[in-house]
Amino acid sequence: MSEIIVDARGQLCPKPLILTKQALKDNVVGAQIVVLVDNETSCQNVERFLSDNGMTPHVSADGSEFILRFTKHAPELAVPDAEAYCTPAANASYVISLASETVGRGPAELGAILMKGLMGTLKEVSPLPSHVVLYSSGVLLAVDGSPFADALRDLEQRGVKLLICGTCVDYYQKKAEIHVGTISNMLTILETLTRAGKVIAP
Amino acid sequence: MSGNFDLLTTVEYGGCSAKLAPGRLAEVLKDLHQPAHPDLLVDITTHDDAGVLRLDAATALIQTVDFFPPVCGDPRTFGRIAAANALSDVYAMGGRVLTALNIVGFPATRIPLEVLAEILAGGQEKVLEAGGLMVGGHTIDDWPPKYGLAVTGIVHPQRVIANAGLRPGLALILAKPLGTGTLVAGQRTGLAADADYQVALETMQQLNRAGAEIMQALDVKAGTDITGFGLLGHALQMADASDVTLRIQASRVPLLAGALALAEAGCLPGAMFRNLDYVEGKVRFAPGLDYSLKMLLLDPQTSGGLFFGVAPEKAGEALNRLRDAGYAAAAIVGETVKRAGHSIEVLR
């Protein structure tokens, strides 16, 4: 396959990058692309852009001219889904809301068994929820000595944000016994639930 | 007539993109030691927006200076933007403006003198709007033209809002949308929609005065304004000065209309890469974070918005007040947590 030449000499930043991106868009995977620039900053920026996006340009210099050679490696650059960021409410994020120590409205014994199952399995779910919200007696799941405190901590370490209702913690007088998650307030909790793509309340 | 002269014909890059790379600046500043002074409340060490000196128990003096080459073609608009940008450093410290001095570089030939008159008129407008007095200035023969202000303000010594002073558990608020650097670059390369560019110009002319008053009313202790180092560069300075970790949720950061599409098209101002180098290793980016969005968090802002931490129970009120005061895009963009690992975590 012949090389695609992008001549960005004489172009000011960020024009060389715009032309590079255009060439990536216009050509198929495997295309050999050569970008010519005539200032070092543009060269560095294009090189950085390409390596950030998983390509390894070969850079050579000829006096004040720089040549970047690379191969288009994938059909799309990393995560081109711009829409998801414009409308956060419509993205795939979801929140799990736990308002009780147990799951469901059946017998407490069954509810406790289900909670154990839920907590044990949640970390396997892909994608993970963006947040887990604990309120009402659900906050007791997070106190020291709860069989679930470790599972919650584990989720937190995986990037799940754990919001714990501050009013509820105060009601049960457990503030000193909670060492996981963030003690939060109604505004933050409501905002989190409002912005979530979905709210799951098992 | 000045109306026909396009100031952008004089510069290759403009606005805060013209700043020296932050890393290189830090290299130079590290050898400049100044003896501590009991009344010097804010000095150069915390990368703050202005110096603050206590005069007496009720008054501290704020001093700051900022200037740059043209960011837009119209001289009066440039004057307004440069002045709003310089005045903002007083607001970022929670202060109010007393006086300002013009700082001007302007060529003796090649540009009609009326252009200078327009730039100065734009600056004067903003100083008046700030409730300040223009008391003089200094002009040198220079190319390309440059304009800005040295500004003096005051604040109560106990009410200084600085980079240091965040504690864990605060909500982080950004008052203006990001993307001015990208929109300016997009306009220069002919890619930006004119309507989007006009909104960017409006945003840059907007004073942070009302925002500063709201910060004080809500007892905010730590804040800054977002300028050349981008949201993450300034957030990094606050995180390190305060010894907390900032969690920023990228999807909640307000962006100017058109900015994301421009970034998608590859319109990434070079200063973004300088800012990326600056924050590298100190910021943890969530896997799968959109590349263009990540780069916009590093977009160099001219006359950017206030960024501050507020007690979560006051966050809703802060947002309402900011929006009522004309900062329509103000948003909660994250929170502070106990320092752990990185200075900043960027979530998707």
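Quick caveat: nothing in here was measured; it's all calculated off a predicted structure. (Residues numbered from 1 in each chain as written. Chains lettered and ligands numbered in written order. Predicted model: local features only at pLDDT ≥ 70, side-chain atom pairs only at ≥ 80, totals over all residues.)

(A) Spotlight on the overall build of chain A. In terms of regular secondary structure, chain A is built from seven helices and nine strands. Considering only C-alpha atoms, chain A reaches an extent of 75 × 30 × 30 Å along its principal axes. Out of the 202 residues belonging to chain A, those deemed buried represent 33%. For chain A, contacts bridging at least 24 residues in sequence account for 67% of all contacts bridging at least 6. (Helix = DSSP H or I, 4+ residues; strand = E, 2+ residues; numbered from the N terminus. Buried ≥ 20, exposed ≤ 12 C-beta atoms within 10 Å, placed from the backbone. Contact = placed C-beta atoms within 7 Å.)

(B) How the structure looks around the interface of chain A and chain B. Taken residue by residue, the interface counts 27 residues in chain A and 24 residues in chain B. Within the residue set of the side of chain A that touches chain B, elements represented by two or more residues are helix H1 (15–26), helix H2 (40–52), helix H3 (83–86) and helix H7 (186–195) of chain A. Along the lines of polarity and charge, the residues of the side of chain A that touches chain B split into 14 nonpolar, nine polar and four charged. (Nonpolar A, V, L, I, M, F, W, Y, C, P; charged D, E, K, R; others polar.)

(C) Region of the structure containing the domain arrangement of chain A. Along its sequence, chain A is carved into domain 1 (4–71) and domain 2 (83–200). Averaged C-alpha coordinates put domain 1 of chain A and domain 2 of chain A at centres separated by 47 Å. (Domains from an automatic or database assignment.)

(D) Region of interest: helix H2 (residues 75–92) of chain B. Residues and elements named next belong to chain B. The end-to-end C-alpha distance of H2 is 26 Å, a good match for the 26 Å that 18 residues give at a rise of 1.5 Å each. Taking burial as the measure, the 18 residues of H2 include 18 buried ones, the bulk of the element. At the C-terminal side of H2, Gly-94 shows a positive phi close to 85°. (Expected span 1.5 Å × (residues − 1).)

(E) Summary view of the packing of helix H4 (residues 180–188) of chain B against helix H5 (residues 194–205) of chain B. Residue and element names in this part refer to chain B. One can describe the packing of H4 onto H5 by two numbers: an axis separation of 10 Å at closest approach and a directional angle of 135°. Classified by the angle between their axes, H4 and H5 sit oblique to one another. Of the two elements, H4 crosses H5, and the hand of that crossing is left-handed. Contacts between H4 and H5 pair Thr-180, Leu-183, Val-184 and Gln-187 from the former with Asp-196, Tyr-197, Ala-200, Thr-203 and Met-204 from the latter. Classifying every residue of the contact of H4 with H5 gives five nonpolar, three polar and one charged. (Axes fitted to C-alpha atoms, helices over the stretch in contact; angles between N-to-C directions. Parallel < 35°, antiparallel > 145°, perpendicular 65-115°, else oblique. Left-handed = near helix turned anticlockwise from the far one by under 90°.)

(F) Quick peek at the nonpolar core. Counting 124 residues, the largest nonpolar core has Leu-87, Met-93, Ile-173 and Ala-235 of chain B as the members making the most contacts within it. If sequence neighbours within four positions are ignored, Met-93 of chain B has contacts with Asp-49, Ala-50, Val-52, Ile-62, Val-155, Val-160, Ile-161 and Ala-162 of chain B. Residues Ile-96, Met-119, Leu-155 and Ile-189 of chain A belong to the second largest nonpolar core, which totals 24 residues. (Core = buried A, V, L, I, M, F, W, Y, C linked by C-beta atoms within 7 Å.)

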